[in-house]
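# A look at the structure
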Amino acid sequence: MSDVGVRPYDERGMFMAAKRPAKNSGAKVATAKRPAPATKTQPIDEGKLMAFVEKALGDFGSAASAALVVIGDKLGLYKAMADGKPVNSQELASRTKTTERYVREWLINQAASGIVEYDSATQRYRLPPEQAVALTDETSPAYVVGGYQAFMAMCRALPRISENFVTGAGMPWGEHDPDLFVGVERFFRPGYLANLVDTWIPALDGVQAKLKAGAQVADVGCGHGASTIIMAKAFPKSQFYGFDTHAPSIEHAREAARKAGVAERVTFEVADARGFPDHQYDLVAFFDCLHDMGDPVGALRRTRATMADDGTVLLVEPAAGETVEGNFNPVGRIYSAASVLCCTPNAVATGSLALGTVATDDALREVATAGGFTRFRRVLASPFNRFFEIRP
Ligand SMILES: C[S@@+](CC[C@H](N)C(=O)[O-])C[C@H]1O[C@@H](n2cnc3c(N)ncnc32)[C@H](O)[C@@H]1O
């Protein structure tokens, strides 16, 4: 790298200095004693600075467009384009009973975001089939809308989360915008549908055979019960129990079980992981929730106490590195953000051990050992998750 472009940073260079108030305007001007910004004492590489600003622009654009993806989902704009036929803003607005003036701007953003394609000759937009799957097919493992919805919901807690940085307070799961509960289900459910019965359960020693024959299964921190219901449908001889501290989620799960026709074999109950009812379970599952709990050791102790001696814990946790730098990738970026905005605040609000969303295998093993288990092994990994088998 040449020295050209390396110079002490001067506020007047890249960014416009704040306007000074006019003389005698009455406004106070901060003078003299302000400490010099640290950047003034360090040499700045302008090339690197511009590269970072460009990257930030991309990030800023992604965040801005995320809000528009949620709008497109909520108003049925993607579904109305899912047939792949080119439309203009008038046609899309009339199909979706929305206002053309807004739809026109939305379409420009969607084309600039690489979501829809634009044909300048006809001035029409088209949703390619791949994007249609990712944005409208809730059963596809490629479905991504839940992620956008969950993150936009978390962002609504921004003022409170920033304050928590200062006060050290937590924020319980149930106090987030309700879109979080729906978004999380929509984010995880496609993966459960595609893998839980055919890949994850068979990876556990002897568990599939037990479930086929008839077993007692607990799904702790079950949320809307997507995983519980998928398992119940696949293993008709087994009995399932879903537990969660969030009462509206349990209500939602009960309704979903009724609709799925499995309510007779699935019981959903409001219960804390530290005190859920004992049915001497053959399998206790934690799907993306142990790290949300403020007392994960207490949760596993309760699990051990309510489990048959040859029972198994299926622990599903977010993908994470074994070192800090092992999280410096797109998935680590997403999960460490969720950790700040949602998971760690709930753990802080409900106990004294906040594992964080990107807890290492070793940290999880320690919790399992402290909870009274002796065997702990990672059985699988996917781009989004790690899967552990824990046994007495
Ligand atoms: C990220 S969500 C995952 C929900 C669900 N397992 C899924 O995969 O969709 C975390 C869930 O853990 C629940 N939770 C957090 N702490 C809990 C506790 N101590 N006992 C029971 N549930 C808890 C929350 O209410 C929330 O529903």
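Check the entry above for the structure.
Residues numbered from 1 in each chain as written. Predicted model: local features only at pLDDT ≥ 70, side-chain atom pairs only at ≥ 80, totals over all residues. Heavy atoms only, no water.

Here the focus is a nonpolar patch on the surface. A cluster of nonpolar side chains, namely F165, V166 and V340, defines an oily patch on the protein surface of about 350 Å² accessible area. Residue placement: V166 occurs in helix α8 (residues 158-167). (Patch = residues over 30% accessible without salt bridge, like charges linked within 9 Å, V, L, I, M, F, W, Y side chains within 5 Å. Areas by Shrake-Rupley, 256 points an atom, 1.4 Å probe, with all protein chains shown as cover. Salt bridge = Lys/Arg side-chain N within 4 Å of Asp/Glu carboxyl O. Helix = DSSP H or I, 4+ residues; strand = E, 2+ residues; numbered from the N terminus.)

Once that is clear, we can look at the site of the ligand. Taken together, 18 residues are adjacent to the ligand, and Y192, G221, D244, A273 and F287 come closest. Interatomic distance of 2.4 Å between a side-chain N/O atom of Y192 and an oxygen atom of the ligand. Contact between the ligand and G221: a nitrogen atom at 2.7 Å from a main-chain N or O atom of the residue. Its free accessible area being 590 Å², the ligand has 95% of it covered by the protein chains. Taken together, the residues of the shell around the ligand break down into 9 nonpolar, 5 polar and 4 charged. (Near = heavy atom within 4 Å. Polar contact = N/O pair within 3.5 Å; in protein donor to acceptor, adjacent residues only side chain to side chain. Nonpolar A, V, L, I, M, F, W, Y, C, P; charged D, E, K, R; others polar.)

The next thing to look at is the environment of F52. Tracing the backbone through its elements, the reader meets F52 in helix α2 (residues 46-74). Looking at F52, the relative accessible area reads 52%, which means it is exposed. In the structure, F52 is positioned 181 residues away from K233 in sequence and 50 Å away in space, judged by C-alpha atoms. (Buried < 20%, exposed > 50% of the residue type's maximum accessible area, 1.4 Å probe, protein only.)

Turning next to the pattern of salt bridges. Across all of its chains, the model carries 23 salt bridges by this definition. Of the charged contacts in the structure, one is a salt bridge between R258 and E255, with a shortest N-O distance of 2.9 Å. Of this pair, R258 and E255 both sit in helix α12 (residues 247-260), 3 residues apart, which is roughly one turn of that helix. Via salt bridges that share partners, K74, R156, D177 and D179 belong to a single interconnected network.

Note that all results are geometric; they support no functional claim without further evidence.
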